Amino acid sequence: MKWCNIYLLHSFASVVKGVDIDIFQIADNYDLIKDAPIEIHTITSEYVIKSGERSYALDDVLPYPIFAANATYTFGGEDRPLPEPRLFYKRAGDETVLLSKDRGGAAEGVRIYSEEGDLRVAYEKVSEGRFADIDSGSIDYA
């Protein structure tokens, strides 16, 4: 599968032809400022996402250790198995990749953090297999 990087200004396009993405809906969902560029990426069939010159394989991520080793879960007075993990991570050089998945196991979001914990890249799922790079500088906080 080829990389799909689409750059859009949401004031000029509402629906991208051939791509099931509503740019105005993305802008509304994330409170983006007018004319904020929106970059759309895909995860390849090899489960890789690309950010600039870097690419990140997502197939060898590990469950994020949310629960302690001896954690238990009780609901309605009955012991239950712990919920299946939906947050995964891996180290990629000096970066940490966090991958969140839906209940079916499909990718929902990808975040790349520096060694110091600064968010470098955040991708949010906007349609099946497509992710928007949501830049914090593009959010309208007013």
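For the structure itself, look to the data block above.
Cut-offs used in this document
- Residues numbered from 1 in each chain as written.
- Predicted model: local features only at pLDDT ≥ 70, side-chain atom pairs only at ≥ 80, totals over all residues.
- Heavy atoms only, no water.
- Buried < 20%, exposed > 50% of the residue type's maximum accessible area, 1.4 Å probe, protein only.
- Helix = DSSP H or I, 4+ residues; strand = E, 2+ residues; numbered from the N terminus.
- Pairing = 2+ DSSP bridges.
- Phe/Tyr/Trp six-rings, centres within 6.5 Å; stacked < 30°, edge-to-face > 60°.
- Lys NZ or Arg CZ within 6 Å of the ring centre and 35° of its normal.

Caption draft 1: Structural detail: the pairing of strand β8 (residues 87-92). Side-chain alternation along β8 places Phe88, Lys90 and Ala92 on a buried face and Leu87, Tyr89 and Arg91 on a face that remains uncovered. Relative to β8, strand β5 (residues 62-63) runs antiparallel, the two being bridged by two bridges. In the strand pairing of β8, Leu62 is matched with Tyr89. Sheet analysis places β8 next to strand β9 (residues 95-101), joined by six bridges and oriented antiparallel. Within β9, the residue paired with Arg91 across the bridge is Thr96.

Caption draft 2: Representation of unusual backbone geometry within the structure. Look at Asp35: it is not a glycine, yet its phi comes out positive at around 70°. Inspection of the secondary structure puts Asp35 in the loop between α1 (23-29) and β2 (37-42). Residue Asp35 is classed as partly exposed on the basis of its relative accessible area, which comes to 35%. Despite not being glycine, Tyr47 shows a phi value in the positive range, around 65°. The topology assignment puts Tyr47 in the loop between β2 and β3 (48-51).

Caption draft 3: Structural detail: the packing of aromatic side chains. Tallied over the full model, the rule gives one aromatic pair. With 5.6 Å between their ring centres and 85° between their planes, Tyr64 and Tyr89 make a pair best called edge-to-face. Of the two residues, Tyr64 is situated in the loop between β5 and β6 (73-75) and Tyr89 in strand β8; the sequence distance between them amounts to 25 residues. The lysine or arginine in question, Lys101, covers the ring of Phe88, its NZ or CZ lying 4.5 Å from the ring centre.

Any link to function would need more than the numbers given here.
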